[in-house]
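Report on the structure
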Amino acid sequence: MESLKKVLLIAPCGMNCGICRAYLREKNKCPGCRGPDTGKAVTRIRCKIKTCEVFQKEKAKFCFTCKNFPCKNLKHLDLRYQTKYNMSMIENLEFIKTNGLKKFVENEKIRWTCPECGGIICVHNGCCSNCGKKRM
Ligand SMILES: [Zn+2]
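Residues numbered from 1 in each chain as written. Predicted model: local features only at pLDDT ≥ 70, side-chain atom pairs only at ≥ 80, totals over all residues. Heavy atoms only, no water.

Moving on, we come to the overall build of the chain. Across its full length, the chain carries seven helices and zero strands. Traced from its N-terminal end to its C-terminal end, the chain shows the element sequence α-α-α-α-α-α-α. Relative to its 136 residues, the chain shows a buried fraction of 40%. Long-range contacts, defined here as pairs at least 24 residues apart, represent 43% of the contacts in the chain between residues at least 6 apart. Approximately 8800 Å² of the chain is accessible, and the part contributed by carbon and sulfur atoms is 55%. (Helix = DSSP H or I, 4+ residues; strand = E, 2+ residues; numbered from the N terminus. Buried < 20%, exposed > 50% of the residue type's maximum accessible area, 1.4 Å probe, protein only. Contact = heavy atoms within 4.5 Å. Areas by Shrake-Rupley, 256 points an atom, 1.4 Å probe, with all protein chains shown as cover.)

Shown next as structure tokens:
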């Protein structure tokens, strides 16, 4: 059950919702991109990637199966995350494509676990959501 929940936390764009500040916060916790829209910020509901027509039509699970991959919207998002948060969605998707989702989730767990307390490190502020320690 727990692993299934983790899989659902990987968004179509390759974002790991489990490390997002909206998911990690106590108040108005976001259920993740694949979760229900209630209580989510408008920017997330209107996400260009999640609501992408090609994506909806193909009923794709991840953007890498799309004929337009990587599209302009995804590249734009990816560049923003690479620049601001040192994380690449396209890299994540390439990894999932090659190694499978299970391996990706395993790696993500190692990558974003706080070495001090075992809490989850937030991608947006680089700090542990549990003890607050800044990631190196
Ligand atoms: Zn910690």
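On to the confidence of the model for the chain, then. Summarising the model, the chain shows a mean pLDDT of 87, and 85% of its residues fall at 70 or more. Looking at the elements of the chain, mean pLDDT is at its lowest for helix α3 (residues 42-45), recorded as 60, and at its highest for helix α6 (residues 89-99), recorded as 97. (pLDDT = per-residue confidence, 0-100.)

Right, let's talk about the packing of aromatic side chains for a bit. In total, this model carries three aromatic pairs according to the counting rule given. Between F62 and F64 the ring centres are 5.8 Å apart and the planes differ by 10°, which places this aromatic pair in the stacked class. Note on accessibility: F62 and F64 belong to one class, buried. Aromatic side chains Y81 and Y85 sit 4.8 Å apart centroid to centroid with 55° between the ring planes, which places their arrangement in the tilted category. Here Y85 and Y81 lie together in helix α5 (residues 72-85), a separation of four residues that amounts to about one turn. Of the two residues, Y81 and Y85, neither departs from the other in class, the shared state being buried. Its end group placed over the ring of Y23, K29 keeps NZ or CZ at 4.3 Å from the ring centre. The ring of F62 has R34 lying over it, and the distance from NZ or CZ to the ring centre is 5.0 Å. (Phe/Tyr/Trp six-rings, centres within 6.5 Å; stacked < 30°, edge-to-face > 60°. Lys NZ or Arg CZ within 6 Å of the ring centre and 35° of its normal.)

So, about the nonpolar core. Core analysis: the biggest nonpolar cluster contains 36 residues, and C13, M15, F69, L74 and M89 have the highest contact counts within it. Of all the secondary-structure elements, those providing two or more residues to this core are α2 (21-24), α5, α6 and α7 (101-111). The residues contacting M15, other than those within four sequence positions of it, are L9, I10, C20, Y81, M87, M89, V123 and H124. (Core = buried A, V, L, I, M, F, W, Y, C linked by side-chain atoms within 4.5 Å.)

In this section: the coordination of the zinc ion. C114 (SG), C117 (SG), C128 (SG) and C131 (SG) make up the full set of protein donors to the zinc ion, lying at 2.2 to 2.4 Å. Classification of the site at the zinc ion as tetrahedral follows from its four donor atoms and the range of 99 to 118° in their angles at the metal. Written as a sequence motif, the donor residues of the zinc ion are C-x2-C-x10-C-x2-C. (Donors = N, O, S within 2.8 Å, 3.2 Å for Na, K, Ca; no water. Tetrahedral: all angles 85-135°; square planar, octahedral: opposite > 155°, others 65-115°.)

A separate point is the side chain of S88. Structurally, the position occupied by S88 is in the loop between α5 and α6. Judged by relative accessible area, S88 falls into the buried class, the value being 7%. Polar contacts involving the side chain of S88 include one to the main-chain amide nitrogen of I90, which spans 3.4 Å. Beyond its immediate stretch of four places on either side in the chain, S88 contacts D78 and Q82. (Polar contact = N/O pair within 3.5 Å; in protein donor to acceptor, adjacent residues only side chain to side chain.)

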